[in-house]
Amino acid sequence: MTNFIEPYNTDWEIEFEDLKNIFYTELKEFEPDILHVGSTSIPGLCAKPILDIDIIIVNKSLLGVITSRLEKIGYLSKGEQGIMGRFAFRQLSNLAPSTYNNRKWQEHHLYVCFSGSLALKKHILFRDTLLRDSELVNEYSQLKMNLIKEKGMTREKYTKRKTEFIISVLTSIGLDEKELNEIKSANI
(Lines give C-alpha, C1' and ligand atoms only; values in the text may rest on other atoms or scores of the structure.)
Protein backbone atom coordinates (compact mmCIF):
# COMPACT_ATOMS: atom_id res chain seq x y z
CA MET A 1 0.00 0.00 0.00
CA THR A 2 1.22 3.46 -0.89
CA ASN A 3 0.25 6.03 1.70
CA PHE A 4 0.92 9.62 0.76
CA ILE A 5 -2.30 11.07 2.11
CA GLU A 6 -3.16 11.88 5.71
CA PRO A 7 -6.32 12.59 7.69
CA TYR A 8 -7.33 16.25 7.81
CA ASN A 9 -5.12 18.28 10.14
CA THR A 10 -6.17 21.64 11.63
CA ASP A 11 -2.52 22.72 11.52
CA TRP A 12 -2.86 23.04 7.74
CA GLU A 13 -5.08 26.09 8.10
CA ILE A 14 -2.73 27.64 10.67
CA GLU A 15 0.25 27.10 8.35
CA PHE A 16 -1.69 28.63 5.46
CA GLU A 17 -2.51 31.75 7.50
CA ASP A 18 1.16 32.16 8.45
CA LEU A 19 2.22 31.80 4.80
CA LYS A 20 -0.53 34.16 3.67
CA ASN A 21 0.83 36.83 6.02
CA ILE A 22 4.33 36.47 4.56
CA PHE A 23 3.07 36.67 0.96
CA TYR A 24 0.81 39.60 1.72
CA THR A 25 3.65 41.50 3.42
CA GLU A 26 5.92 40.88 0.43
CA LEU A 27 3.24 41.86 -2.13
CA LYS A 28 1.02 44.27 -0.17
CA GLU A 29 1.21 47.16 -2.64
CA PHE A 30 -0.45 44.93 -5.25
CA GLU A 31 -3.30 44.06 -2.84
CA PRO A 32 -3.51 40.43 -3.96
CA ASP A 33 -6.16 37.98 -2.84
CA ILE A 34 -4.42 34.94 -1.36
CA LEU A 35 -6.50 31.78 -1.13
CA HIS A 36 -6.07 28.36 0.42
CA VAL A 37 -7.33 25.87 -2.18
CA GLY A 38 -7.01 22.14 -2.72
CA SER A 39 -7.80 19.29 -0.36
CA THR A 40 -5.93 20.73 2.64
CA SER A 41 -8.43 23.61 2.66
CA ILE A 42 -11.43 21.30 3.26
CA PRO A 43 -12.12 20.35 6.92
CA GLY A 44 -12.50 16.59 7.25
CA LEU A 45 -10.96 15.72 3.88
CA CYS A 46 -7.90 13.51 3.80
CA ALA A 47 -5.11 14.95 1.66
CA LYS A 48 -1.49 14.90 0.69
CA PRO A 49 0.04 17.20 3.35
CA ILE A 50 0.97 19.78 0.71
CA LEU A 51 -0.83 23.12 0.81
CA ASP A 52 -2.10 24.65 -2.43
CA ILE A 53 -2.05 28.44 -2.38
CA ASP A 54 -3.32 30.81 -5.08
CA ILE A 55 -2.16 34.42 -5.27
CA ILE A 56 -4.67 36.19 -7.50
CA ILE A 57 -3.68 39.17 -9.62
CA VAL A 58 -5.92 41.30 -11.81
CA ASN A 59 -3.19 43.23 -13.63
CA LYS A 60 -1.28 40.74 -15.80
CA SER A 61 1.60 43.18 -16.24
CA LEU A 62 2.50 42.66 -12.55
CA LEU A 63 3.53 39.04 -13.12
CA GLY A 64 7.20 39.93 -13.71
CA VAL A 65 7.64 41.98 -10.54
CA ILE A 66 5.68 39.44 -8.46
CA THR A 67 7.83 36.65 -9.87
CA SER A 68 10.98 38.57 -8.87
CA ARG A 69 9.66 39.10 -5.34
CA LEU A 70 8.80 35.42 -4.92
CA GLU A 71 12.19 34.36 -6.27
CA LYS A 72 13.84 36.71 -3.76
CA ILE A 73 12.18 34.85 -0.86
CA GLY A 74 13.10 31.37 -2.05
CA TYR A 75 10.87 30.24 -4.91
CA LEU A 76 11.63 28.96 -8.38
CA SER A 77 9.29 30.04 -11.17
CA LYS A 78 8.08 27.02 -13.16
CA GLY A 79 5.85 28.95 -15.59
CA GLU A 80 2.39 27.92 -16.69
CA GLN A 81 3.22 24.22 -17.09
CA GLY A 82 0.49 23.80 -19.70
CA ILE A 83 -2.25 25.48 -17.62
CA MET A 84 -3.00 28.94 -18.99
CA GLY A 85 -3.26 31.79 -16.50
CA ARG A 86 -1.72 29.81 -13.62
CA PHE A 87 2.00 30.24 -12.89
CA ALA A 88 3.58 27.67 -10.61
CA PHE A 89 6.28 28.39 -8.02
CA ARG A 90 8.19 25.76 -6.07
CA GLN A 91 10.07 26.11 -2.82
CA LEU A 92 13.83 25.89 -3.27
CA SER A 93 13.95 24.43 0.26
CA ASN A 94 11.75 24.07 3.32
CA LEU A 95 13.07 27.51 4.38
CA ALA A 96 10.99 29.17 1.64
CA PRO A 97 9.60 31.68 2.09
CA SER A 98 12.74 32.96 3.76
CA THR A 99 12.16 34.78 7.03
CA TYR A 100 14.38 36.46 9.61
CA ASN A 101 14.14 33.43 11.93
CA ASN A 102 14.84 30.75 9.26
CA ARG A 103 11.52 29.03 9.91
CA LYS A 104 10.97 25.69 8.23
CA TRP A 105 7.70 25.58 6.30
CA GLN A 106 5.36 22.80 5.35
CA GLU A 107 5.62 21.78 1.71
CA HIS A 108 3.31 23.87 -0.45
CA HIS A 109 2.49 24.57 -4.06
CA LEU A 110 2.26 28.25 -4.79
CA TYR A 111 0.46 29.61 -7.84
CA VAL A 112 0.03 33.10 -9.17
CA CYS A 113 -3.28 33.09 -11.03
CA PHE A 114 -4.79 35.69 -13.30
CA SER A 115 -8.26 36.60 -12.09
CA GLY A 116 -10.72 35.09 -14.52
CA SER A 117 -8.45 32.18 -15.47
CA LEU A 118 -10.03 28.75 -15.77
CA ALA A 119 -7.46 27.28 -13.37
CA LEU A 120 -8.50 29.72 -10.66
CA LYS A 121 -12.19 29.20 -11.42
CA LYS A 122 -11.74 25.43 -11.08
CA HIS A 123 -9.88 25.74 -7.78
CA ILE A 124 -12.49 28.00 -6.23
CA LEU A 125 -15.60 26.22 -7.56
CA PHE A 126 -14.38 22.77 -6.53
CA ARG A 127 -13.27 23.95 -3.08
CA ASP A 128 -16.48 25.87 -2.42
CA THR A 129 -18.66 22.97 -3.57
CA LEU A 130 -16.91 20.63 -1.14
CA LEU A 131 -17.15 23.18 1.69
CA ARG A 132 -20.94 23.17 1.25
CA ASP A 133 -21.44 19.40 0.97
CA SER A 134 -20.14 17.06 3.70
CA GLU A 135 -21.44 13.97 1.84
CA LEU A 136 -19.33 14.93 -1.15
CA VAL A 137 -16.32 15.35 1.17
CA ASN A 138 -16.92 11.83 2.53
CA GLU A 139 -17.26 10.42 -1.00
CA TYR A 140 -14.03 12.11 -2.10
CA SER A 141 -12.18 10.90 1.01
CA GLN A 142 -13.35 7.33 0.38
CA LEU A 143 -12.19 7.51 -3.24
CA LYS A 144 -8.77 8.73 -2.12
CA MET A 145 -8.46 5.99 0.50
CA ASN A 146 -9.43 3.33 -2.06
CA LEU A 147 -6.93 4.65 -4.58
CA ILE A 148 -3.95 4.54 -2.22
CA LYS A 149 -4.77 0.91 -1.36
CA GLU A 150 -4.45 -0.16 -5.01
CA LYS A 151 -1.33 -2.15 -5.83
CA GLY A 152 1.25 -0.09 -7.73
CA MET A 153 -0.40 3.26 -7.04
CA THR A 154 1.85 6.28 -7.60
CA ARG A 155 1.22 9.97 -7.02
CA GLU A 156 0.88 10.48 -10.77
CA LYS A 157 -1.67 7.67 -11.16
CA TYR A 158 -3.49 8.90 -8.07
CA THR A 159 -3.82 12.42 -9.48
CA LYS A 160 -5.12 11.18 -12.82
CA ARG A 161 -7.63 8.77 -11.26
CA LYS A 162 -9.19 11.39 -8.99
CA THR A 163 -9.61 13.76 -11.95
CA GLU A 164 -12.78 11.85 -12.96
CA PHE A 165 -14.36 12.74 -9.63
CA ILE A 166 -13.34 16.38 -9.93
CA ILE A 167 -14.75 16.57 -13.47
CA SER A 168 -18.05 15.03 -12.31
CA VAL A 169 -18.37 17.66 -9.56
CA LEU A 170 -17.53 20.50 -11.95
CA THR A 171 -20.04 19.12 -14.46
CA SER A 172 -22.76 19.01 -11.82
CA ILE A 173 -22.25 22.68 -10.98
CA GLY A 174 -22.47 23.79 -14.60
CA LEU A 175 -19.03 24.20 -16.15
CA ASP A 176 -19.41 24.11 -19.90
CA GLU A 177 -18.02 21.39 -22.15
CA LYS A 178 -15.17 23.55 -23.47
CA GLU A 179 -13.97 24.33 -19.94
CA LEU A 180 -14.28 20.70 -18.86
CA ASN A 181 -12.29 19.50 -21.87
CA GLU A 182 -9.55 22.03 -21.12
CA ILE A 183 -9.36 20.81 -17.51
CA LYS A 184 -9.29 17.15 -18.60
CA SER A 185 -6.50 17.75 -21.12
CA ALA A 186 -4.39 19.50 -18.47
CA ASN A 187 -4.87 16.72 -15.89
CA ILE A 188 -4.98 13.46 -17.84
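Further up the page is the structure itself.
For clarity, every value in this text was computed on a predicted model and none was experimentally measured.

## Quick word on the sheet that holds strand β5 (residues 108-114)
Line of reasoning, step 1. Strand order in the open sheet formed by five strands is β1-β2-β5-β4-β3, and the pairing between neighbours is mixed. Each having just a single partner strand, β1 (33-37) and β3 (75-79) make up the two edges of the open sheet. Between one strand and the next, the sheet's axes are offset by a mean angle of 25°, whatever the strand orientation.
Line of reasoning, step 2. With five bridges joining them, β1 and strand β2 (residues 51-57) adopt antiparallel strand pairing. In the sheet register, Ile-34 faces β2, and the bridge partner there is Ile-55.
Line of reasoning, step 3. The strands that helix α2 (residues 63-72) touches are β2, β3, β4 (86-91) and β5; relative to β5, the one it contacts most, it runs at about 165°.

## Observations regarding the nonpolar core
Line of reasoning, step 1. Within the largest apolar cluster, 25 residues are counted, with the highest numbers of intra-cluster contacts made by Phe-23 and Leu-70.
Line of reasoning, step 2. Where this core is concerned, the elements lending two or more residues are α1 (11-27), β2, α2, β4 and β5.
Line of reasoning, step 3. Here this core takes five residues from α1, the largest share from any one element.
Line of reasoning, step 4. Leu-70 has contacts with Phe-23, Ile-55, Tyr-75, Phe-89, Leu-110 and Val-112, leaving out every residue within four places of it along the chain.
Line of reasoning, step 5. If you look at the next biggest cluster of nonpolar residues, it comprises 16 residues, including Ile-42, Val-137, Leu-175 and Ile-183.

## Comments concerning the pairing of β2
Line of reasoning, step 1. Counting buried positions over the seven residues of β2 gives seven, a clear majority of the element.
Line of reasoning, step 2. Residues of β2 alternate between two faces, with Leu-51, Ile-53, Ile-55 and Ile-57 on one and Asp-52, Asp-54 and Ile-56 on the opposite face, all of them buried.
Line of reasoning, step 3. Examined bridge by bridge, β2 and β5 share seven bridges and lie parallel to one another. Bridging from a neighbouring strand, Ile-57 pairs with Phe-114 of β5.

## Thoughts on the packing of aromatic side chains
Line of reasoning, step 1. This model, assessed by the stated rule, comprises seven aromatic pairs.
Line of reasoning, step 2. For the ring pair Tyr-8 and Trp-12, a centre distance of 5.6 Å and an interplane angle of 85° mean the geometry is edge-to-face.
Line of reasoning, step 3. Look at Tyr-140 and Phe-165: their rings are 4.7 Å apart centre to centre, the planes differ by 5°, and that puts the pair in the stacked class. One end of the pair, Tyr-140, is in helix α4 (residues 134-149); the other, Phe-165, is in helix α5 (residues 155-172), with 25 residues separating them in the sequence.

## Concerning α4
Line of reasoning, step 1. Compared with the 22 Å implied by 1.5 Å per residue over 16 residues, the 23 Å span of α4 between its first and last C-alpha is a close match.
Line of reasoning, step 2. Three or more residues of α4 are buried, namely Leu-136, Val-137, Tyr-140, Ser-141, Lys-144, Leu-147 and Ile-148. Seen from one end, α4 has its buried residues packed into an arc of 135°, which puts them on one side. Residues of α4 that are exposed and angled more than 90 degrees away from the buried face: Glu-135, Asn-138 and Lys-149.
Line of reasoning, step 3. Structurally, α4 contributes buried residues whose contacts are with α3 (118-132) and α5.

Cut-off values and rules
Residues numbered from 1 in each chain as written. Predicted model: local features only at pLDDT ≥ 70, side-chain atom pairs only at ≥ 80, totals over all residues. Heavy atoms only, no water. Pairing = 2+ DSSP bridges. Helix = DSSP H or I, 4+ residues; strand = E, 2+ residues; numbered from the N terminus. Axes fitted to C-alpha atoms, helices over the stretch in contact; angles between N-to-C directions. Contact = heavy atoms within 4.5 Å. Core = buried A, V, L, I, M, F, W, Y, C linked by side-chain atoms within 4.5 Å. Buried < 20%, exposed > 50% of the residue type's maximum accessible area, 1.4 Å probe, protein only. Phe/Tyr/Trp six-rings, centres within 6.5 Å; stacked < 30°, edge-to-face > 60°. Expected span 1.5 Å × (residues − 1). Arc of directions from axis to C-beta.

The analysis is restricted to geometry; functional conclusions fall outside its scope.
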